[in-house]
Amino acid sequence: MDKEELTNLIIESTDSLFRVSYGILRNESDAEDAVQNAIIKAYNKRSTIKNREYAKTWLIRVLINECRQLRRKKSKELTGTADDYMMIISDTFKENNKNEIIDIDMKMDVWEALGKLDANHRTVLILKFVEGYTLDEIAKMTGVMKGTVGSRLNRAKRKLKELLDDYMGG
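Every value quoted in this text rests on a predicted model; they were computed, and no experiment measured them. (Residues numbered from 1 in each chain as written. Predicted model: local features only at pLDDT ≥ 70, side-chain atom pairs only at ≥ 80, totals over all residues. Heavy atoms only, no water.)

## Considering the overall build of the protein chain
Reasoning step 1: Across its full length, the protein chain holds eight helices and zero strands.
Reasoning step 2: Seen in sequence order, the protein chain has helices and strands lined up from the N terminus as α-α-α-α-α-α-α-α.
Reasoning step 3: Look at the contacts in the protein chain between residues 6 or more apart in sequence, and 69% of them connect residues 24 or more apart.
Reasoning step 4: Of the roughly 9,700 Å² of accessible surface on the protein chain, a fraction of 48% belongs to carbon and sulfur atoms. (Helix = DSSP H or I, 4+ residues; strand = E, 2+ residues; numbered from the N terminus. Contact = heavy atoms within 4.5 Å. Areas by Shrake-Rupley, 256 points an atom, 1.4 Å probe, with all protein chains shown as cover.)

Next comes the structure, spelled out in structure tokens:
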């Protein structure tokens, strides 16, 4: 893949890259750093892309690895401010199927609950439900088997439901 193709891919994927990074790190500044570092690494390793069809999957894999590395380096729990949550929520939660805007308090509760999940579970939820990737794509991005992705997704959904039961009146 040449520089121009990779540049176009990055431009098309910028919002998605940030959402994934923010979803993992839960800190705007760290998320931006991870995206920038991943882009630099992607440019340096662009010759390793064998199939252009999977270039975005490869790019997100580079980003996930960068997020993990940054999180290990920090070695403390990362939390975002209310303003950080508001920015990411406005980008990721649109309107529900009744064309009613989702309650802002619910959005905050969802993001707080996501923050209580471990990084592996949070990552698969964001890749699946915010970014819309398939289990196969998520498996390639995270480097785990499809069955493991499915298990993590199911556990994450159950845990998220438990955390949100109070809000939903259950």
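That shown, we press on.
## What about the nonpolar core?
Reasoning step 1: If you look at the biggest cluster of nonpolar residues, it comprises 41 residues, and the most contacted ones within it are Ile 60, Leu 63 and Leu 127.
Reasoning step 2: Only α1 (3-25), α2 (28-45), α3 (55-74), α5 (104-116), α6 (119-130), α7 (135-142) and α8 (146-168) provide two or more residues apiece to this core.
Reasoning step 3: Per-element accounting of this core gives the leading share, nine residues, to α3. (Core = buried A, V, L, I, M, F, W, Y, C linked by side-chain atoms within 4.5 Å. Buried < 20%, exposed > 50% of the residue type's maximum accessible area, 1.4 Å probe, protein only.)

## Examining the side chain of Thr 57
Reasoning step 1: Position of Thr 57 relative to the elements: it lies in helix α3.
Reasoning step 2: Residue classification places Thr 57 among the buried residues on the basis of a relative accessible area of 10%.
Reasoning step 3: Discounting residues that sit within four places of it in the chain, Thr 57 has contacts with Glu 137, Lys 140 and Met 141.

## What to know about α6
Reasoning step 1: Counted at 1.5 Å a residue, the expected span for α6 with its 12 residues is 16 Å, and the 15 Å between its end C-alpha atoms agrees.
Reasoning step 2: Taken residue by residue, α6 has Ala 119, His 121, Arg 122, Thr 123, Val 124, Leu 125, Ile 126 and Leu 127 as its buried positions.
Reasoning step 3: Taking the backbone nitrogen of Asn 120 as reference, a side-chain oxygen 2.9 Å away marks Asp 118 as the first, capping residue of α6. (Expected span 1.5 Å × (residues − 1). Polar contact = N/O pair within 3.5 Å; in protein donor to acceptor, adjacent residues only side chain to side chain.)

## Re the pattern of salt bridges
Reasoning step 1: Scanning all chains against the criterion turns up four salt bridges.
Reasoning step 2: Among the ionic pairs, Glu 131 bridges to Arg 19, the shortest N-O distance being 2.6 Å. One end of the pair, Glu 131, is in the loop between α6 and α7; the other, Arg 19, is in helix α1, and 112 residues separate them in sequence. Here Glu 131 matches Arg 19 in class, with each residue buried.
Reasoning step 3: For Asp 136, the salt bridge identified is with Lys 146, shortest N-O distance 3.6 Å. Here Asp 136, found in helix α7, pairs with Lys 146, found in helix α8; they are 10 residues apart in sequence, far enough to count as distant.
Reasoning step 4: Judged by relative accessible area, which is 40%, Asp 136 ranks as partly exposed.
Reasoning step 5: We classify Lys 146 as partly exposed; its relative accessible area is 44%. (Salt bridge = Lys/Arg side-chain N within 4 Å of Asp/Glu carboxyl O.)

## Section: the environment of Ala 55
Reasoning step 1: Within the secondary structure, Ala 55 is located in helix α3.
Reasoning step 2: Once the C-alpha coordinates of Ala 55 and Leu 9 are considered, the two residues, 46 residues apart in sequence, prove to be 8.0 Å apart.
Reasoning step 3: Apart from residues no more than four positions distant in its own chain, Ala 55 is found in contact with Met 1, Leu 9 and Ile 49.

## What about the packing of α1 against α6?
In a pair of packed helices, the angle between the axes and the distance between the axes together describe the arrangement.
Reasoning step 1: Contact geometry of α1 with α6 gives a least axis separation of 9 Å together with a crossing angle of 150°. Compared by their axis directions, α1 and α6 come out roughly antiparallel. Crossing of α1 against α6: the hand is right-handed. Seen from α1, the contacting residues are Arg 19, Val 20, Gly 23 and Ile 24; seen from α6, they are Arg 122, Thr 123, Ile 126, Leu 127 and Val 130.
Reasoning step 2: For the contact of α1 with α6, the class distribution of residues is five nonpolar, two polar and two charged. (Axes fitted to C-alpha atoms, helices over the stretch in contact; angles between N-to-C directions. Parallel < 35°, antiparallel > 145°, perpendicular 65-115°, else oblique. Left-handed = near helix turned anticlockwise from the far one by under 90°. Nonpolar A, V, L, I, M, F, W, Y, C, P; charged D, E, K, R; others polar.)

Such coordinate-based values are descriptive only and should not be taken to indicate function.
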